[in-house]
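Commentary on secondary and tertiary structure
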Number of protein chains: 2
Amino acid sequence: MKKLDYDQQDLWPFISGSMQSPVALNSQTAKRARYQAPLKFDYGTVAMYVHDTGRGLEVGHRGHAILNNRHFELQQFHIHTPSEHTLDDRTFAAEIHFVNQAADGQLAVVAVFAKLGRTSTVLGRVFSQIGQETLFSCDTSDLMPTNKSYFHYLGSLTTPPLSENVEWYVFQNPIEISTQQLAFLQDLYARNNRDLQPLKGRSLLYYEAD
Amino acid sequence: MKKLDYDQQDLWPFISGSMQSPVALNSQTAKRARYQAPLKFDYGTVAMYVHDTGRGLEVGHRGHAILNNRHFELQQFHIHTPSEHTLDDRTFAAEIHFVNQAADGQLAVVAVFAKLGRTSTVLGRVFSQIGQETLFSCDTSDLMPTNKSYFHYLGSLTTPPLSENVEWYVFQNPIEISTQQLAFLQDLYARNNRDLQPLKGRSLLYYEAD
């Protein structure tokens, strides 16, 4: 048994980069969670700004969430086209990311797929506010599916610095946006979805809502 | 506004290594937690083995814990001499690490400082079982302080691969071990504590037990 050399700590290997996002979600291999942990949102209905950050449209919006039984504060939400995660090999038209942070710094992103269908009134309002810093009505509950079943795994930010230590909560059910709304997003960004990253042995859990 | 180049994703910077452990705990600057999250342990009283792993003494022990309102399973506990974390610049004689994992893979280490004082009966039993693979009585509650106030931050493993994404829960109050027991540990390892790592803007929280 070789002893770890505590006098040469700068030579110790440091391994990272194996917990990246997005990943391909597979409903067949996802493990059903043994303990329930419903996601609860109190994000309010007022947004503060809409910026094109060079990575996508970002909406300033504050609020509170209980994710996996802990308290988080919403920082902002933003939109990717097409979706970053896939579900059973399906890519969706878009994916909305609600970025939350806990008091200890822990990041948790709640992701919502969007498929083509009816016009999203709230998203339309967001589009009309691009570049504005004025408060506007923005009910985020209209940007989330009614059924709150979700997939959960540990991953990373999907834009630089790609930091790991991010909890992901991806709703199984998509919301709807119109063809015109997708075209509007694609005019801004032909694509702003990161390539799929390998799961590398990480656990993918599935929580079924009541 | 420069747009992020989604056609050259392999050129994106990936930043890591800034959330390492151990760190210097400071009771003056630690932020009092706004939400209570008591730690609850159901680790049982039977251990399975004691190995000298080349990094320290490791005790095989299973059990259940609720940490920050989530379910974790104990994987093992092991001992560092002297302590890895410091508390208000004080280094303790030893530090015991209970390594827990949740269903999503999340690691959480519960750390207990040990100062010189009375003999720890349980630790004595652990010493007598080194190299053994037989079940033995090991009540881990004797290796934890009665008062469960703790410090919490996000860090890393303290031995290679030094992986980040580790939640730390460090009890404020130490347990006691005897001078003879410390000498026994130091005979095995003159030292097996990693150097202090910079906090680099991370939040350090303090939870006061009832």
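Up top is the structure these notes are about.
Residues numbered from 1 in each chain as written. Chains lettered and ligands numbered in written order. Predicted model: local features only at pLDDT ≥ 70, side-chain atom pairs only at ≥ 80, totals over all residues. Heavy atoms only, no water.

On to the interface of chain A and chain B. Listed by partner, the interface residues are 51 residues for chain A and 51 residues for chain B. Together chain A and chain B conceal approximately 4,200 Å² of surface at their shared face, both sides included; 58% is due to carbon and sulfur atoms. Inspection of the region where chain A meets chain B yields zero salt bridges. On the surface where chain A and chain B come into contact, there are 18 residue pairs in polar contact (both at pLDDT 80 or more). Of all the elements in the fold, those that place two or more residues in the side of chain A that touches chain B are strand S6 (70-80), strand S11 (150-156) and strand S12 (164-171) of chain A. In terms of residue count, S6 of chain A provides more of the side of chain A that touches chain B than any other element does, four residues in total. Residues of the side of chain A that touches chain B, tallied by class, amount to 17 nonpolar, 21 polar and 13 charged. (Contact = heavy atoms within 4.5 Å. Buried area = accessible area lost by both parts, 1.4 Å probe. Salt bridge = Lys/Arg side-chain N within 4 Å of Asp/Glu carboxyl O. Polar contact = N/O pair within 3.5 Å; in protein donor to acceptor, adjacent residues only side chain to side chain. Helix = DSSP H or I, 4+ residues; strand = E, 2+ residues; numbered from the N terminus. Nonpolar A, V, L, I, M, F, W, Y, C, P; charged D, E, K, R; others polar.)

Before going further, it helps to examine helix H1 (residues 121-128) of chain B. Residues and elements named next belong to chain B. All of the buried residues along H1 are Val122, Leu123, Val126 and Phe127. The buried residues of H1 occupy an angular sector of 145 degrees when the element is viewed end-on, so they sit on one face. Counted as exposed and oriented over 90 degrees from the buried face of H1: Thr121 and Ser128. Contact partners of the buried residues in H1: strand S5 (49-52), strand S6 (57-67), strand S7 (70-80), strand S11 (136-137), strand S14 (175-177) and helix H2 (179-188). (Buried < 20%, exposed > 50% of the residue type's maximum accessible area, 1.4 Å probe, protein only. Arc of directions from axis to C-beta.)

A few words now on the packing of aromatic side chains. As enumerated under the stated definition, the model contains 22 aromatic pairs over all chains in all. Summarising the aromatic geometry, the rings of Tyr6 of chain B and Trp12 of chain B are spaced 5.1 Å apart at their centres and angled 85 degrees between planes, so their arrangement reads as edge-to-face. The exposure classification of Tyr6 of chain B matches that of Trp12 of chain B, with both residues buried. Each member of the aromatic cluster is reached from another via a ring pair, and the members are Phe41, Tyr43, Phe77, Phe98 and Phe171 of chain A. Over the ring of Tyr189 of chain B we find Lys3 of chain A, and its NZ or CZ is 3.7 Å from the ring centre. Just above the ring of Phe171 of chain A sits the side chain of Lys148 of chain A; from NZ or CZ to the centre is 5.9 Å. (Phe/Tyr/Trp six-rings, centres within 6.5 Å; stacked < 30°, edge-to-face > 60°. Lys NZ or Arg CZ within 6 Å of the ring centre and 35° of its normal.)

The next point concerns the environment of Ala47 of chain A. All names here are of chain A. With respect to the helices and strands, the residue Ala47 is situated in strand S4 (residues 46-52). For the pair Ala47 and Asn192, spaced 145 residues apart in the sequence, the C-alpha separation amounts to 23 Å. Not counting chain neighbours up to four residues away, the residues in contact with Ala47 comprise Val59, Gly60, His61, Thr134, Leu135, Phe136 and Cys138.

So, about unusual backbone geometry. Residue and element names in this part refer to chain B. Omega for the peptide link from Thr81 to Pro82 comes to -10 degrees, which places this bond in the cis form. In the segment running from Pro160 into Pro161, the intervening peptide bond is cis, with an omega of 15 degrees. With respect to the element layout, Pro161 can be found in the loop between strand S12 (150-156) and strand S13 (164-171). For Asp89, which is not a glycine, the phi torsion comes out positive at approximately 70 degrees. If you trace the backbone, Asp89 turns up in the loop between strand S8 (86-87) and strand S9 (94-101). Unlike most non-glycine residues, Lys200 shows phi in positive territory, near 45 degrees. Structurally, Lys200 is set in the loop between H2 and strand S15 (205-207).

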